[in-house]
Amino acid sequence: MAAQFEPEGQAPPRFGLFLLQALIWGLFGLFVLRFWYLQVHKGEEFAQKARDNQLRQELLHAPRGLIRDRNGVLVAVNQPAYALGLIREDVRDVKATLDQIAVWTDIDLATLEAKYAKGRRRVKPFEPLILVPDLSFEQVARIESNALFWPGLEIVVRPRRYYPQGPLLAHVLGYVAEANEEELEKDPTLSLGDNVGKGGLEFTLEERLRGAKGLRQLEVDATGRRLSQHVMRPPRAGEDLRLSIDLELQARCHEMLEGQAGAIVVMEPFSGEVVAFVSQPSYDANWFVTGLSGPQWEKLRDDPMHPLQNRVVQSAYPPGSVFKLVVGGAALVNGVSPSERVYCSGQVKLGRHIFRCWKKHGHGHIDFLQALTQSCDVYYYEMGSRLGVDKISEFAMTCGFGHKTDISLPHEKGGLIPTREWKRRRFGESWQGGENLNLAIGQGYTLVTPLQVARFIGALVNGGDILRPTLLAGGEPERQGHLPLTDAQRQLLVRSMVETVEQGTARRLKRRDAVIGGKTGTAQVVRLKLKAGDVRRKLEEMPYEERDHAWLASFGEKDGKTYVAVCMVEHGGHGGSAAGPMLKGVYEHLFGKQK
Amino acid sequence: MTPIDRRILLHINWSLVGLTLLLFGVGVMNLYSASGFRLEDGLSLNPFYKKQFLWGLMGFGGMITFMLFDYRHLKTLAVPMFLVTLLLLLCVPVFGKVIYGARRWLDLGFFNLQPSEVAKISILLIGAKLLSKGQRPLDWLQLFGVLAVGMVPAGLIILQPDLGSGLSVLLLLGGLVLYRGIQMRVFKPLMILVPVLLPMSWFFLHDYQKRRILTFLDPGNDPLGAGYHIIQSQIAIGSGRLWGKGFLSGTQSQLRFLPEKHTDFAIAVFGEEWGFIGCMFLLSLFCLFLYQIYLTAHDAKDRFGSFLAAGVFFYFFWQILINMGMVLGLMPVVGIPLPFISYGGSATVVNLSLIGLVLNVSMRRFVFKRA
């Protein structure tokens, strides 16, 4: 037994024991030196820093990108705005301070207290909590002169959006306003009181426009006074944008539509760039930036003319006879010969229903071209019953109807192209033969936006490319599709539009020095009132909300410059008479006054 | 079980007990100071120090428990306990409670168990058991065997994610390996291999962990995050100067400039209030404390006991080194607490229990070796 006894075998490793000793000495030596360095060697320096100064970080607001029109005129700029911030670590008595702010700003104490209670959870230590985002100059002066008695209060200067053109571009640009709870929650880079885009391009291009905040390091003393500062990360300004909009044309259209509800779109058919984008009535976007009062907001929201509604993309209307261009295209594609004549007696009977032409006594024998220029309803009733809903809908959708145009604006509507399937889902009923007839003249369920019409006319003119409309200048055209027409078929439709201006329903647009084409439309608002046997009343005799919507879709070409212009006047009556003068004005602006 | 012998009780290492009590006392006192923070309406105290005191009482219970039985029984317990630990760690991702975005705790009803704390003890036991066998320095095969045993629990802990505890486990085992010694022909290639392999671990780190390391290299990089901690903790410590600002008078810590002042950055509060002199006192306490553990390893009657003491040595050594190094701006910010000074329930109980284990080894140093 004793032979197995091995003293070395039980002893701890000698190297290990030496290592432990060395580690203890090493630890001791290292930290003695470090403590000495920090507390004795550099002690005075750190003590000085701690005694009087503190390092704080402050975010620097980045200016939002500027927006110009296609000619460089500024349409969205930044102005300095003065906000009142509270740094709660520096405030001695929050209640008293809020009381004082209420006195200075006429904001009631309860509102301030609520804002404080909500905001204090969101701000980092030593970050100003924005209590009043916008101070008047008098308020700034009053607060600045008393600032010494109220430590922890700070006037924060931030860039604020200003729209020099007011209501002129509200539907294009949208506006910025204070970020709400939800937006703050979603985006950690936002702080309380920050503005974000809420509508229009300001909303959809928010990321490009916003830029990135910078960071500044401040040295402050015990009362929060600033001693020195240095910028650690400069703010990055948002990207500047150039719109495709021509501000002068925009202003002219805006003026022409004044007092009515409607929309005008002018577009370059080869680039998709929108030159004028007008929705009337409009509103002043600056109201939202500074904040609307409750009653102001209610007034705007409850206005029967709906000024907040963007009629170019957010409203979809029955297209009326403008849709005959689409149905005509569908007819050609489906083998209808342009030379075939249809007899119009002024009405067609289908079952118990009588479908009337707008021309009471009929157009007589009429071919494809005449039917379009005269906008004969009976010809199209015939096309409707021949083609049926499936072929018409399919063609219309390939032409871009029923889908959003994807112009970068929020809440765009795609309109509606009815199908059998859709009707069954929507009403639980099958498609009726008579509905084909209504569909063919653009009545019934069909809904289109003015911008969709412009895109379609643009495709007719540019060789068939369905381009994505854009509000920004200088980009590459984006193709979304192609018209399913041969060149000859397309040109026939274009010719019919020119004829319509030459001798049809759009004669008002006629110019000797330019090629103009157009198609009018009158979309019945109240179908039931115009049943068989009902006498058409004069426009003035009808109540406003029962009057028809007036459409005019057109293009014009002069000296190699081509434009598409579409006008829609809600309850404006007949397309030619209501919308014609306005588009005439548009072409006068684009091509000059006719000699 | 060997019955408690009066002679054994006579050999209790009272110096180690005294040093432990002193360190724990300094810790509670410091937490009392760190608990105060300014509200808009006056000073208010968080009951951290009270809780810490209660944890301490529990820990002393653990300490006594770990003293009573003959530590040699742990040799047989090491393997089963290791397996239980692995099981617990595997349970964490499945049943674990999420606190602060990490899944580290098992809810046992009456308290939240942090299996990574248990892992520290079982790694210590299995490490001591494996490494105390044989006397020659480790060759490649043995080294890999030991590392393989450590990698599994460490990996599971790091995935929780808890880099601090995972590293502790690995470092504890690494320390034991060094204590045993490595053959020269293994050691030399390792000296080349480790610096080559270490950067590769970068790809396994979480983004926030990478950020901390980058921030350490350039604190200006992240002045609102981890860089802020480094800058502020150095200001707090440095401003304590030679004599300190006095108990409860640290302006940096009292005015909330200092973040996490009751946990990982607790020593910054101490440094500010007690100055260089105080820090030297505390540092000396820690070194004497480590020295007592060293003596236990030196005097142990068998290699297993010696390795147990050495393991506890490394357990404390690494924590002190990393935590102080981090707060003093010598190392990246890794969430490792300072023993006895930082607030933490599980850690306090484990720390004191481990001291119990060392006392256990220490007081049986004269028991006759069995032939």
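Residues numbered from 1 in each chain as written. Chains lettered and ligands numbered in written order. Predicted model: local features only at pLDDT ≥ 70, side-chain atom pairs only at ≥ 80, totals over all residues. Heavy atoms only, no water.

1. Remarks on the overall build of chain B
Turning to step 1, where the next piece is worked out: Secondary structure assignment for chain B yields 14 helices and five strands.
Turning to step 2, where the next piece is worked out: With 371 residues in all, chain B has 54% of them scored as buried.
Turning to step 3, where the next piece is worked out: Within chain B, residue pairs in contact and separated by at least 24 positions form 75% of the contacts whose partners lie at least 6 positions apart.
Turning to step 4, where the next piece is worked out: When the accessible surface of chain B is summed, it comes to about 16100 Å², and 71% of that surface belongs to carbon and sulfur atoms. (Helix = DSSP H or I, 4+ residues; strand = E, 2+ residues; numbered from the N terminus. Buried < 20%, exposed > 50% of the residue type's maximum accessible area, 1.4 Å probe, protein only. Contact = heavy atoms within 4.5 Å. Areas by Shrake-Rupley, 256 points an atom, 1.4 Å probe, with all protein chains shown as cover.)

2. Points about the overall build of chain A
Turning to step 1, where the next piece is worked out: Helix and strand counts for chain A stand at 21 helices and 21 strands.
Turning to step 2, where the next piece is worked out: Out of the 595 residues belonging to chain A, those deemed buried represent 54%.
Turning to step 3, where the next piece is worked out: The contacts of chain A with a sequence gap of at least 6 include a subset with a gap of at least 24, amounting to 71%.
Turning to step 4, where the next piece is worked out: Of the roughly 27200 Å² that chain A leaves accessible, carbon and sulfur atoms contribute 52%.

3. Digging into the nonpolar core
Turning to step 1, where the next piece is worked out: Formed by 108 residues in total, the largest nonpolar core has its most connected members in A:Phe35, B:Phe289, B:Leu290, B:Leu308, B:Phe316 and B:Met324.
Turning to step 2, where the next piece is worked out: Formed jointly, this core draws a minimum of three residues from each of two domains, domain 1 (21-37 + 49-68 + 208-370) and domain 2 (77-204) of chain B.
Turning to step 3, where the next piece is worked out: Aside from chain neighbours lying at most four places away, what touches A:Phe35 is A:Val40, B:Ile237, B:Ile267, B:Phe276, B:Cys279, B:Met280, B:Met324 and B:Leu328.
Turning to step 4, where the next piece is worked out: In this structure, A:Val176, A:Leu209, A:Leu241 and A:Leu243 belong to the second largest nonpolar core, which totals 97 residues. (Core = buried A, V, L, I, M, F, W, Y, C linked by side-chain atoms within 4.5 Å. Domains from an automatic or database assignment.)

4. Section: the packing of aromatic side chains
Turning to step 1, where the next piece is worked out: Within this structure, the stated rule accounts for 35 aromatic pairs over all chains.
Turning to step 2, where the next piece is worked out: With a centroid separation of 5.3 Å and an interplanar angle of 75°, the aromatic rings of A:Trp36 and B:Phe276 are classed as edge-to-face. Of this pair, A:Trp36 sits in helix α2 (residues 14-41) while B:Phe276 sits in helix α12 (residues 266-299), on two different chains.
Turning to step 3, where the next piece is worked out: A ring pair is formed by A:Phe427 and A:Tyr445, whose centres lie 5.6 Å apart and whose planes are at 35°; its orientation type is tilted. Remark: A:Tyr445 occurs in the loop between α18 (433-440) and α19 (450-462) and A:Phe427 occurs in helix α17 (residues 420-427); sequence separation between them is 18 residues.
Turning to step 4, where the next piece is worked out: What makes A:Tyr445 partly exposed here is its relative accessible area of 23%.
Turning to step 5, where the next piece is worked out: One aromatic cluster is present, built from ring pairs that chain together A:Tyr175, A:Tyr283, A:Phe288 and A:Trp297.
Turning to step 6, where the next piece is worked out: Sitting over the ring of A:Phe427, A:Arg426 keeps its end group 4.8 Å from the ring centre. (Phe/Tyr/Trp six-rings, centres within 6.5 Å; stacked < 30°, edge-to-face > 60°. Lys NZ or Arg CZ within 6 Å of the ring centre and 35° of its normal.)

5. Details of the pattern of salt bridges
Residues and elements named next belong to chain A.
Turning to step 1, where the next piece is worked out: In the structure shown here, the tally under the stated rule is 35 salt bridges over all chains.
Turning to step 2, where the next piece is worked out: In this structure, Arg386 engages Glu340 in a salt bridge whose closest nitrogen and oxygen atoms are separated by 2.3 Å. Pair noted here: Arg386 is in helix α16 (residues 377-398) and Glu340 is in the loop between α14 (324-333) and β13 (342-344), with a separation of 46 residues, a long-range link.
Turning to step 3, where the next piece is worked out: Overall, the relative accessible area of 38% leaves Arg386 in the partly exposed class.
Turning to step 4, where the next piece is worked out: The class of Glu340 is partly exposed, set by a relative accessible area of 29%.
Turning to step 5, where the next piece is worked out: Here the salt bridges do not stand alone but share partners, grouping Arg64, Arg161, Asp187, Glu202, Glu206 and Arg210 into one network. (Salt bridge = Lys/Arg side-chain N within 4 Å of Asp/Glu carboxyl O.)

6. Describing helix α7 (residues 163-180) of chain B
For an α-helix, 3.6 residues make a turn, and residues three or four places apart therefore share a direction.
Residue and element names in this part refer to chain B.
Turning to step 1, where the next piece is worked out: Compared with an ideal rise of 1.5 Å per residue, which puts 18 residues at 26 Å, α7 spans 26 Å between its outermost C-alpha atoms and is within 8% of the ideal.
Turning to step 2, where the next piece is worked out: Most of α7 is tucked away: 13 of the 18 residues are buried.
Turning to step 3, where the next piece is worked out: Gly181 sits one or two residues past α7 and shows a positive phi near 100°. (Expected span 1.5 Å × (residues − 1).)

7. What about the sheet that holds strand β19 (residues 515-523) of chain A?
Strand pairing within a sheet occurs via backbone hydrogen bonds; the two strands may be parallel or antiparallel.
All names here are of chain A.
Turning to step 1, where the next piece is worked out: On the basis of which strands lie adjacent, the open sheet formed by five strands has the order β12-β11-β21-β20-β19 and antiparallel pairing. Looking along the sheet, the strands with just one partner apiece sit at the ends: β12 (274-280) and β19. Direction aside, the axes of adjacent strands within the sheet are offset by 5° on average.
Turning to step 2, where the next piece is worked out: As paired elements, β19 and strand β20 (residues 549-558) share nine bridges and run antiparallel to each other. When the bridges of β20 are listed, Gly518 appears paired with Ser554. (Pairing = 2+ DSSP bridges. Axes fitted to C-alpha atoms, helices over the stretch in contact; angles between N-to-C directions.)

8. Focus: the interface of chain B and chain A
Turning to step 1, where the next piece is worked out: At the interface, 56 residues of chain B touch 46 residues of chain A.
Turning to step 2, where the next piece is worked out: Where chain B abuts chain A, roughly 4700 Å² becomes buried across the two surfaces, and 71% of that area is made up of carbon and sulfur atoms.
Turning to step 3, where the next piece is worked out: Taken together, chain B and chain A are joined by one salt bridge.
Turning to step 4, where the next piece is worked out: Of the charged contacts, one joins B:Arg241 and A:Glu44 as a salt bridge, the two residues approaching to 2.4 Å between their closest N and O atoms.
Turning to step 5, where the next piece is worked out: Elements that contribute at least two residues to the side of chain B that touches chain A include exactly α7, α10 (226-238), α11 (251-254), α12 and α13 (303-327) of chain B.
Turning to step 6, where the next piece is worked out: Here the element with the most residues in the side of chain B that touches chain A is α12(B); it accounts for 14 residues. (Buried area = accessible area lost by both parts, 1.4 Å probe.)

9. Some words on the UniProt feature "transmembrane region" (unreviewed entry) in chain A
Turning to step 1, where the next piece is worked out: Mapped onto this numbering, the UniProt entry gives "transmembrane region" (unreviewed entry) at residues 15-37 of chain A.
Turning to step 2, where the next piece is worked out: As a span, residues 15-37 of chain A carries 100% helix and 0% strand, and end to end its C-alpha atoms are 32 Å apart. (UniProt positions renumbered as here; feature names shortened; annotations may be inferred.)

10. What to know about the confidence of the model for chain B
Residues and elements named next belong to chain B.
Turning to step 1, where the next piece is worked out: For chain B, the average pLDDT comes to 81, and 83% of its residues sit at 70 or higher.
Turning to step 2, where the next piece is worked out: Counted against residues more than four places away or in other chains, residues 38-44, with its pLDDT under 50, gives 17 contacts.
Turning to step 3, where the next piece is worked out: For this predicted complex, the interface score ipTM comes out at 0.87, while the overall pTM is 0.62. (pLDDT = per-residue confidence, 0-100.)

11. Notes on a nonpolar patch on the surface
Turning to step 1, where the next piece is worked out: A contiguous nonpolar surface patch, about 920 Å² in accessible area, is contributed by B:Met191, B:Ile192, B:Leu193, B:Val196, B:Leu197, B:Met200, B:Phe203 and B:Phe204.
Turning to step 2, where the next piece is worked out: You can see B:Met191 is positioned in helix α8 (residues 184-197). (Patch = residues over 30% accessible without salt bridge, like charges linked within 9 Å, V, L, I, M, F, W, Y side chains within 5 Å.)

12. Some remarks on helix α5 (residues 109-119) of chain A
Residue and element names in this part refer to chain A.
Turning to step 1, where the next piece is worked out: Those residues of α5 lying buried are Leu112, Tyr116 and Gly119. Looking straight down α5, one finds its buried side chains confined to an arc of 75°; they lie on one side.
Turning to step 2, where the next piece is worked out: Looking at the buried positions of α5, the neighbouring elements they touch are β3 (74-86), α4 (94-105) and β4 (129-132). (Arc of directions from axis to C-beta.)

13. A few points about the pairing of strand β15 (residues 353-356) of chain A
Residues and elements named next belong to chain A.
Turning to step 1, where the next piece is worked out: The pairing of strand β14 (residues 347-350) with β15 spans four bridges and is classified as antiparallel. Across the sheet, Gln347 pairs through a bridge with Arg356, a residue of β15.
Turning to step 2, where the next piece is worked out: Between β14 and β15, which follow one another and run antiparallel, lie two residues, and Gly351 among them has a positive phi close to 60°.

14. With respect to the confidence of the model for chain A
Residue and element names in this part refer to chain A.
Turning to step 1, where the next piece is worked out: Residues with a pLDDT of 70 or more make up 93% of chain A, whose mean pLDDT is 87.
Turning to step 2, where the next piece is worked out: Per-residue pLDDT stays below 50 along residues 1-8; that stretch engages in one contact with residues further than four places along the chain or on separate chains.
Turning to step 3, where the next piece is worked out: When the criterion is pLDDT under 50, residues 528-535 qualifies, and its contacts beyond four places in sequence or with other chains add up to eight contacts.

15. What about the pairing of strand β11 (residues 262-267) of chain A?
Residues and elements named next belong to chain A.
Turning to step 1, where the next piece is worked out: When you tally the buried positions in β11, you get six out of six residues, the bulk of the element.
Turning to step 2, where the next piece is worked out: Pairing analysis gives six bridges linking β11 to β12, with the strands arranged antiparallel. Each residue of the ladder has a partner; that of Ile264, found in β12, is Val278.
Turning to step 3, where the next piece is worked out: As judged from the six bridges shared by β11 and strand β21 (residues 561-569), these two strands associate in the antiparallel manner. Across the sheet, residue Val266 finds its bridge partner in β21, namely Ala565.

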